[in-house]
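As a plain string of letters, each chain reads:
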Amino acid sequence: MSSRRNFLKQMSGAALAASAAPSFLSWALPGPQNGAIEIPGEDGMIVRSFRFVDLETPVEYFNAWLTPVPHFFVRNHMHEPSELNSEDWRLSVGGEVEKPLTFTHSELSKLEAHSVVNTLECAGNGRSLHRPQVPGIQWGKGAVSTARFSGPRLRDILQRAAVKSTGKHVMFRGLDEVPGKVPPFIRSIPIEKALDSDTLVATHMNGAPLTKHHGFPARALVPGWIGAASCKWLTEIKILDSEFVGNFMSPGYRFPNQPVKPGDAVKPEDTHVLTGLNVKSVISGPLDGATLKTGKVTVHGAAWAGEADVVKIEVSTDGGSNWNPASLGHDQAHYAWRLWNYEWKAKGGDYTILSRATDSQGRTQPSTPVWNPSGYLYNAADQVKIHVA
Ligand code: MTE
């Protein structure tokens with residue numbers, strides 16, 4: 001079986017040329033029937049980038065509480081490691097510790113495993129919906145998925161290494177193949193989040209070993225936080241006395257402290273590093289542009305809130321003038337999205353249907369997104385336009 005890079009090398013020049021066309025990348029629809037190129041092991045995904053594999057989950061797949069792995073979005077900043085096997089792989093733990101350690105895969109798998117159902121969302125999810133548009137991968141609504149992640153708790157690993165009192169941040173390094181002068185994928189999280197009993201070194205997703213796209217053989221899982229916190233192909237954990245300084249902490253993944261307008265200069269010291277996700281809902285049906293028959297229509301979707309819990313989802317069928325409570329699905333876990341639905345008797349006409357979620361911290365989705373230069377954390381009330389014939 002050829003590696004992903006070999007596969008990409010084998011792809012025709014025409015396919016790669018197509019990948020460079022922004023309009024194709026932004027608006028490619030799921031599945032080969034719409035001209036998108038299939039990535040082996042992935043199924044009906046929207047391809048946002050071929051160079052580094054970036055795959056979006058079509059919202060139709062938001063009807064399962066746990067996203068099947070072939071439908072789970074993929075976000076890579078660079079090439080996936082081409083040669084990875086569990087025999088040679090090592091995870092080192094060092095820095096501000098009394099006992100630096102190195103784990104083999106089999107040593108890691110002997111540690112007690114814990115499971116967390118987590119909705120993982122890329123900070124750039126929804127970037128294409130910001131106006132004016134901002135540069136970066138033009139994600140639609142589907143750079144988000146939910147899975148049951150399992151593996152040892154990070155805190156058990158840290159306890160074995162005996163973190164010194166000077167250890168305040170925990171740095172993760174991935175094994176990505178770094179093209180040219182691109183800085184390696186290294187980020188850090190504060191020690192408090194690292195010691196949380198739900199923060200994992202995950203080796204499994206939905207009961208099976210991680211696939212390569214999702215970080216085999218082990219990744220960090222920092223639940224409720226932006227996806228970038230959950231470093232894939234983890235090879236090094238280093239305890240630092242201060243936050244890691246590097247491209248993926250600054251200027252990457254930072255948000256202005258104050259509202260900014262397009263064109264405003266934002267100084268780095270007026271920004272903060274992104275951590276927890278926003279409250280957000282997405283309508284997974286009916287689909288935008290659908291034509292439906294009059295009568296009973298079920299509006300449905302998913303809603304999540306990072307480290308908070310979703311407490312309410314409301315649906316408007318009249319463009320936002322009136323809001324009605326939706327029913328919440330039975331499946332729930334602290335860091336996982338809630339599926340929801342709302343039954344509506346539709347008469348003929350054109351409709352703008354909206355959904356908005358409220359969480360346990362009292363946050364509600366705004367009607368207009370909070371614009372920022374990198375297009376992070378888009379969470380305006382979702383909307384679809386439909387026609388009832
Ligand atoms: N880890 C490494 N080593 N390299 C990466 O490019 N991307 C991050 C994170 N971990 C990334 C990484 C980002 S931005 C996101 S949103 C999540 O992985 C996506 O995880 P997934 O591809 O399993 O969905």
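Residues numbered from 1 in each chain as written. Predicted model: local features only at pLDDT ≥ 70, side-chain atom pairs only at ≥ 80, totals over all residues. Heavy atoms only, no water.

Enquirer: Hey, could you run me through the sheet that holds strand 22 (residues 327–328) in this one?
Expert: Backbone hydrogen bonds hold the strands of a sheet together, and the pairing may be parallel or antiparallel. Spatial ordering of the open sheet is given by 17-19-23-22, a layout of four strands whose pairing is antiparallel. Strands at the two margins of the open sheet, each flanked by one partner only, are strand 17 (280–285) and strand 22. In terms of strand pairing, strand 19 (residues 295–304) meets strand 23 (residues 338–346) through nine bridges, oriented antiparallel. Residue pairing for strand 23: Gly295 is matched across the bridge by Ala346. (Pairing = 2+ DSSP bridges. Helix = DSSP H or I, 4+ residues; strand = E, 2+ residues; numbered from the N terminus.)

Enquirer: Help me understand the pattern of salt bridges in this model?
Expert: Opposite charge on two side chains lets them pair, provided their charged atoms get close. Under the counting rule described, the total for this entry stands at nine salt bridges. Of the charged contacts, one joins Arg48 and Glu56 as a salt bridge, the two residues approaching to 2.7 Å between their closest N and O atoms. The shortest N-O distance in the salt bridge between Glu121 and Lys280 comes to 2.8 Å. You can see Glu121 sitting in strand 6 (residues 113–121) and its partner Lys280 sitting in strand 17, a full 159 residues away along the chain. With a relative accessible area of 4%, Glu121 lands in the buried category. Taking the relative accessible area as the measure of exposure, Lys280 reaches 5% and is therefore buried. (Salt bridge = Lys/Arg side-chain N within 4 Å of Asp/Glu carboxyl O. Buried < 20%, exposed > 50% of the residue type's maximum accessible area, 1.4 Å probe, protein only.)

Enquirer: In this structure, what is going on with the domain arrangement of the chain? I would like to understand it.
Expert: Often, the extent of an interface is quoted as the loss of accessible area on bringing the components together. When its domains are assigned, the chain resolves into domain 1 (1–276) and domain 2 (280–388). Look at where the C-alpha atoms of domain 1 and domain 2 centre, and you get two points 26 Å apart. With 44 residues of domain 1 at the contact, the number on the domain 2 side is 29 residues. Note on domain 1 versus domain 2: buried area summed over both sides is about 3100 Å², and carbon and sulfur give 64% of it. (Domains from an automatic or database assignment. Contact = heavy atoms within 4.5 Å. Buried area = accessible area lost by both parts, 1.4 Å probe.)

Enquirer: Just checking my understanding: could you explain helix 5 (residues 154–161) for this structure?
Expert: One turn of an α-helix holds 3.6 residues; hence residues three or four places apart share an orientation. Along helix 5, the residues that are buried comprise Leu154, Asp156, Ile157, Leu158 and Ala161. The first or second residue beyond helix 5 is Ala162, which carries a positive phi of 55°.

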